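This is what each chain is made of:
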Amino acid sequence: MATSEMVIKDMYDVGLKPRMIRTLLKEDVPDDKIPFDSPSKLSCIISCIQSHKLLSEPSITDNNKQIERWKSSVNDWVARLLSLISKTTTTPDKCWAGICLLGVTCQECNADRFLGSYAAWFDKMLTHIQSRGDSQFVKVAACTSISDLITRLAGFPNVKKEGTSLAGKVIQPVLKLLNEDSSEAVLEGAIHLLCTVISSFPATLQRHHESVEAAITSKIFSGKFSVNLMKKLAHCLALLPESKGDEDSWISAMRKVLLLVNGYLTEIFTGLEEETKWDEAVRLLVPPGEVPPPSLWGQKLLEDTSDKERKRSKLCSISMFILSCCEMLTNSYPVQVSVPVRSLLALVERVLMVNGSLSPTTSSFVILAEQEFICSELPVLHSYALELLASVIKGIRSQLLPHAAYIVRLVKEYFKRCELPELRIKVYSITKLLLMSMGIGIAIYLAQEVVNCSLHDLNPIVDGTSFHANAKSELLLPPFHRKRKHGATGSLEQLHDRIGLEVEASKNRPTAISVKIAALGALETLLTVGGGLRSESWRSKVDNLLITIATESCKEGWVSDESKTFLPNESTLTCSDLQLAALHALLASLLSPSRVRPPHLAPALEIFRRGRQEIGTKVSEFCAYALLALEVLIHPRALPLADFPSASSFNEVNHRFPENIYSVAQKHSNPFSSGVQDTGHGLSDSDDDLYKSWLDSSKETESPVGESMDTERVQQGENIPVAGSSGAKSPWRNGHSPAAASADIEIRRGDETMVDSQQLQESMEQHQESSKGASIPTVTGDPNVTTVVLTSFASKDDALNSRDTEMASLQAVVAGESDGLATKDGNTTTLSAQKGTTFAIEDDNQSTDSVPDIVDVDPDSD
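Residues numbered from 1 in each chain as written. Predicted model: local features only at pLDDT ≥ 70, side-chain atom pairs only at ≥ 80, totals over all residues. Heavy atoms only, no water.

K.L.:
What is the right way to look at the overall build of the protein chain in this model?
P.N.:
Within the protein chain, the secondary structure is distributed over 30 helices and 10 strands. The burial tally for the protein chain puts 49% of its 862 residues in the buried class. Just so you have it, the protein chain exposes about 42400 Å², and 52% of that area is on carbon and sulfur atoms. (Helix = DSSP H or I, 4+ residues; strand = E, 2+ residues; numbered from the N terminus. Buried < 20%, exposed > 50% of the residue type's maximum accessible area, 1.4 Å probe, protein only. Areas by Shrake-Rupley, 256 points an atom, 1.4 Å probe, with all protein chains shown as cover.)

Here's what the structure looks like:
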């Protein structure tokens, strides 16, 4: 029978982990007896270690025997890996497996074990980088594992000095790998290790800065590697200024790159641009009185060559150096630096304004073959130039405001001539960045251009083309490069959409769905940022466009996310993304500020309700969020700004009307001034019908003015609020009965008491009513302002003592002359004013048929 220590409780039992480690060592991890069959077995081992945290043994636990077993098994694990690393001559595959597993161990083991063993592990793996006899994949594994070790070591501040010393041992072996004619895999591993050293311990490269920079730039100039490796080289070049960490290093590196790029462009764009471009670039980059260097990093800035391969290599170098500038602008830097914004924008404009057409003055110097070669490479250059512009906006943000007019002019001009889908997507993303970074100020100048271009790109859907058929036709058509307008442009025709925008488009090629998604995203951002502008010229067009696109997108059903897993084709992916983008833009159209209510609220709500039923999809999640966001438009409410706790239902009523001051001369523009008052605090569930009363306040069922009230309510002094608007006439003066005035004066029984009068500005009626214990303070006789302080009356149901009740007051400030005073004589209280309102209060002891006398006095009489 097994002992209790041998029994495993569950999958989380600590005793399970050492057993699993020993099972891996016995069955999967190679040694002298166990062969290494395939790399797939290595991935299974790593997955098991990471999922169950087998190497993270705790330092404290109640059961010391289990900890001892766990530590013993981890010791055996490390010993096996070190033994595999030492066997390089006979079994390089096992050595590669041991190095890979040791890199995982550096990440997964506990801190105590790592701090006690990292130096020995580092020395073991460094020998494989320095050795010439090792295979290529062993060197790659060693670079990757050392990178993992340095990354983990940088997380311990107390060993920063030891980490800097350890990382310094890597520089010379890595430089040797970079200078040798190594394979791309080895170079990629070396660059990855070098970037890790710069990011973790930048002071290590201070003595080797120039040599590392020369090695990286030489690989970029060669241009014979893959795009992935070239991008990693550009990324490493952008990180190099961090090794010194001062402003001069960053500015010097940026100027070198910009000078080199402008020099190469002068050679490549000969005959396609003005000859003064180089002089303008030098004037912006080189301080006055200085001469630009003839060469940088061993390359001449100005060199005439007709070799096509040489030009292609330079074009690749230009792209990578521009990418390096993008990294320098967006990466964090330890100190603040001065960015040469004018030089960067001038470079962007120089590239984007070249479209392949020949200049009239220099057309004889450019042969047709060279023009064809440059036109074939221009889309790549334009793409990287747009990336540079986006990086400038991201890096500088609101400080770009002095150059905003320059950027807007550049974007608008390029938008008109850009036709390739990839480039239009980038321009749309740039407009979104501009709108989000600079706000409504930039939206004033970009709005019309964004709307026009979006209407052009979304035109096929508006014209009635089937949404899904349009997506399928994009895949059925053979891919081809769209020709440009300039030079030989092919056949084009003028298309006129039903909104009134004239555009130029190709005959056979529909607008790519990715461009439609980008256009919808730009419209969404425009409505979010600049929807509050006076945009009558384009707002209605955009609203109609977005509801049309959303309707067309869901007409044939929603694209399920599950189909992406089983049918991974481009049409399904783009259709789903386009539906989601259309819903995003539609919600922005509904929520964007406007002078009128959204005209398409009802059909939009139906679309969102239908989309919410697609459970488990992104469309369903967003539609549920959209319905929640639109709740304020569906059921608008007059909610209080603060909520005061109420002890009883009486307090709930009493807190409804806090001290507010209403001016007769002021016309309230809010929607509640005409019939729905802000009920203040303690709203009950029945107040959810405020929206109905807002739409038609005159249809409410109200009690007549003459309805009897309890005497105790008068004695308790319950508060009666007053609200009114300035332009209404009294219905009693026109011969209406007192019951017909219930739309103007309303007194309700129970906990809710509200008087709504629209006569406050024009007239104040005189009325006397007998009431015991009621007290109304004196109305001041100020000839300009009349202040009426009304005490609150308690309801009979609450039966609260007036002496113990905190009386709430309402002050109504009425502009105009007033010579009336409130007098108190026995049980009769008279309130007389030249301009004001009438309060009808009656005892419950009186009959319900009795109506108080109403004195109709001309407001102009004495």
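K.L.:
Would you explain the confidence of the model for the protein chain in this entry?
P.N.:
Atom-level detail of predicted coordinates should not be read off regions where pLDDT is low. With 64% of its residues at a pLDDT of 70 or more, the protein chain has an overall mean of 74. Of all helices and strands in the protein chain, the one with the weakest mean pLDDT is strand β3 (residues 493-496) (33), whereas helix α14 (residues 341-352) scores best (96). The low-confidence segment residues 646-688, where pLDDT is below 50, has 90 contacts with residues more than four positions distant or belonging to other chains. (pLDDT = per-residue confidence, 0-100. Contact = heavy atoms within 4.5 Å.)

K.L.:
What is the right way to read helix α26 (residues 618-629) from this model?
P.N.:
Residue pairs spaced three or four apart in an α-helix point in one direction, given the helix's 3.6 residues per turn. Across its 12 residues, α26 extends 16 Å between first and last C-alpha, which sits within 8% of the 16 Å expected from 1.5 Å per residue. Those residues of α26 not exposed but buried are Val-619, Ser-620, Phe-622, Cys-623, Ala-626 and Leu-627. All buried residues of α26 fall inside an arc of 165° around its axis, so they share one side. Among the exposed residues of α26, those oriented more than 90 degrees off its buried face are Lys-618, Glu-621 and Leu-628. (Expected span 1.5 Å × (residues − 1). Arc of directions from axis to C-beta.)

K.L.:
Hey, could you run me through the packing of helix α4 (residues 92-108) against helix α6 (residues 136-153) in this one?
P.N.:
How two helices pack is summed up by the angle between their axes together with the distance between the axes. Between α4 and α6, the least distance of the axes is 8 Å, while the angle of their chain directions is 10°. Taken together, the axes of α4 and α6 are roughly parallel relative to one another. On the side of α4, the interface is formed by Pro-92, Asp-93, Cys-95, Trp-96, Ile-99, Cys-100, Gly-103, Cys-106, Gln-107 and Glu-108, while α6 contributes Phe-137, Val-138, Ala-141, Ala-142, Ser-145, Asp-148, Leu-149 and Arg-152. (Axes fitted to C-alpha atoms, helices over the stretch in contact; angles between N-to-C directions. Parallel < 35°, antiparallel > 145°, perpendicular 65-115°, else oblique.)

K.L.:
Would you mind going over the pattern of salt bridges with me for this structure?
P.N.:
Side chains bearing opposite charge may pair, as long as their charged atoms lie close to each other. What the rule picks out here adds up to 19 salt bridges. With a closest N to O distance of 3.4 Å, Arg-409 and Glu-349 form a salt bridge. Note that Arg-409 is positioned in helix α16 (residues 404-417) and Glu-349 in helix α14, a separation of 60 residues in sequence. A residue is classified by how much of its surface remains accessible, and Arg-409, at 38% relative accessible area, is partly exposed. Residue classification places Glu-349 among the buried positions, given a relative accessible area of 18%. With its nearest N and O atoms 2.5 Å apart, the salt bridge here joins Lys-426 to Glu-387. (Salt bridge = Lys/Arg side-chain N within 4 Å of Asp/Glu carboxyl O.)

K.L.:
It is not clear to me how the environment of Ser-376 should be interpreted in this structure. Could you clarify?
P.N.:
Note on placement: Ser-376 falls in helix α15 (residues 368-396). With a relative accessible area of 46%, Ser-376 lands in the partly exposed category. For Ser-376 and Gly-356, which are 20 residues apart along the polypeptide, the C-alpha to C-alpha distance reads 9.1 Å.

K.L.:
Quick question: what am I supposed to make of the side chain of Asn-355 here?
P.N.:
Mapped onto the elements, Asn-355 comes out in the loop between α14 and α15. Residue classification places Asn-355 among the buried positions, given a relative accessible area of 8%. At 2.7 Å, the side chain of Asn-355 forms a polar contact with the side chain of Ser-357. (Polar contact = N/O pair within 3.5 Å; in protein donor to acceptor, adjacent residues only side chain to side chain.)

K.L.:
Mind showing me how you'd approach unusual backbone geometry here?
P.N.:
Of all residues except glycine, most have a negative phi; of all peptide bonds, most are trans. If you check the backbone angles, Lys-53 has positive phi at about 55° while not being a glycine. Position of Lys-53 relative to the elements: it lies in the loop between α2 (39-52) and α3 (64-86). On the basis of relative accessibility, which here comes to 43%, the residue Lys-53 falls in the partly exposed class. Unlike most non-glycine residues, Trp-297 shows phi in positive territory, near 55°. Inspection of the secondary structure puts Trp-297 in the loop between β1 (295-296) and β2 (299-300).

K.L.:
Quick question: what am I supposed to make of the nonpolar core here?
P.N.:
Generally speaking, a soluble globular protein has its nonpolar side chains buried in company with each other. Residues Trp-77 and Leu-194 are the most contacted members of the largest nonpolar core, which totals 182 residues. When residues of this core are assigned to their parent elements, the largest contribution, 13 residues, is made by α15. Other than its neighbours up to four places away in sequence, Trp-77 contacts Ile-21, Leu-25, Val-29, Ile-45, Ile-49, Leu-55, Leu-101 and Thr-105. Core analysis: the second largest hydrophobic core is formed by 22 residues, Ala-550, Cys-554, Leu-601 and Ala-626 among them. (Core = buried A, V, L, I, M, F, W, Y, C linked by side-chain atoms within 4.5 Å.)

K.L.:
Explain the environment of Leu-153 here, please?
P.N.:
With respect to the helices and strands, Leu-153 occurs in helix α6. Sequence separation between Leu-153 and Ala-167 is 14 residues, and the spatial gap between their C-alpha atoms is 10.0 Å.

K.L.:
I'm lost on the packing of α6 against helix α7 (residues 160-179) in this one. Help?
P.N.:
Between α6 and α7, whose axes approach to 11 Å, the crossing angle comes to 155°. The orientation of α6 with respect to α7, classified from their angle, is roughly antiparallel. Seen along the crossing, α6 lies across α7 with a hand that is left-handed. Contacts from Lys-139, Cys-143, Ile-146, Leu-149, Ile-150 and Leu-153 in α6 reach Gly-163, Leu-166, Val-170 and Leu-177 in α7. Of the residues in the contact of α6 with α7, the class split is 8 nonpolar, 1 polar and 1 charged. (Left-handed = near helix turned anticlockwise from the far one by under 90°. Nonpolar A, V, L, I, M, F, W, Y, C, P; charged D, E, K, R; others polar.)

K.L.:
Just checking my understanding: could you explain the packing of aromatic side chains for this structure?
P.N.:
Describing an aromatic ring pair means giving the distance of the ring centres and the angle of the ring planes. In the structure shown here, the tally under the stated rule is 8 aromatic pairs. Ring geometry for Phe-114 versus Phe-156: centroids 5.9 Å apart, planes at 20°, classification stacked. Separated by 42 residues along the polypeptide, Phe-114 in helix α5 (residues 111-130) and Phe-156 in the loop between α6 and α7 bring together distant segments of the chain. Of the two residues, Phe-114 and Phe-156, neither departs from the other in class, the shared state being buried. Each ring, one from Phe-221 and one from Phe-321, has its centre 5.5 Å from the other, and the planes form 55°; the classification is tilted. Of this pair, Phe-221 sits in helix α9 (residues 209-222) while Phe-321 is found in helix α13 (residues 308-330), placing the two residues 100 residues apart along the sequence. Assessed through its relative accessible area of 8%, Phe-221 is described here as buried. Of the aromatic side chains, those joined through ring pairs into one cluster are Phe-114, Tyr-118 and Phe-156. Against the face of Phe-114 rests Arg-152, its NZ or CZ located 5.0 Å from the ring centre. In this structure, Arg-409 is placed above the aromatic ring of Tyr-406, and the distance from its NZ or CZ to the ring centre is 5.1 Å. (Phe/Tyr/Trp six-rings, centres within 6.5 Å; stacked < 30°, edge-to-face > 60°. Lys NZ or Arg CZ within 6 Å of the ring centre and 35° of its normal.)

K.L.:
Explanation requested: α14 in the structure shown.
P.N.:
Given a rise of 1.5 Å per residue, 12 residues ought to cover 16 Å, and the 17 Å separating the end C-alpha atoms of α14 matches this to within 8%. For α14, the tally of buried residues reaches 10 of 12 residues, placing the bulk of the element in the interior. Those residues of α14 that sit buried are Val-341, Ser-343, Leu-344, Leu-345, Leu-347, Val-348, Glu-349, Arg-350, Val-351 and Leu-352. In this fold, the buried residues of α14 make contact with α11 (247-268), α12 (277-285), α13, α15 and α16.

K.L.:
I would appreciate a short explanation of a nonpolar patch on the surface in the present structure.
P.N.:
On the surface, Ile-440, Ile-444 and Tyr-445 cluster together into a nonpolar patch covering about 320 Å² of accessible area. The residue Tyr-445 is located in helix α18 (residues 440-457) in this model. (Patch = residues over 30% accessible without salt bridge, like charges linked within 9 Å, V, L, I, M, F, W, Y side chains within 5 Å.)

K.L.:
What am I meant to see in the side chain of Lys-314 here?
P.N.:
Here Lys-314 is to be found in helix α13. You can call Lys-314 buried: its relative accessible area is 1%. Reaching out from Lys-314, the side chain makes a polar contact with the side chain of Glu-267 at a distance of 2.3 Å. With near-sequence residues (within four places) excluded, Lys-314 lies in contact with Tyr-264, Glu-267, Ile-268, Glu-303 and Thr-305.

K.L.:
Help me out: how do you make sense of the environment of Gln-172 in this one?
P.N.:
Here Gln-172 is to be found in helix α7. For Gln-172, a relative accessible area of 49% gives the class partly exposed. C-alpha separation for the pair Gln-172 and Ser-211, spaced 39 residues apart in sequence, amounts to 10.0 Å. Within the structure, Gln-172 has its side chain in polar contact with the side chain of His-208 (distance 3.5 Å).

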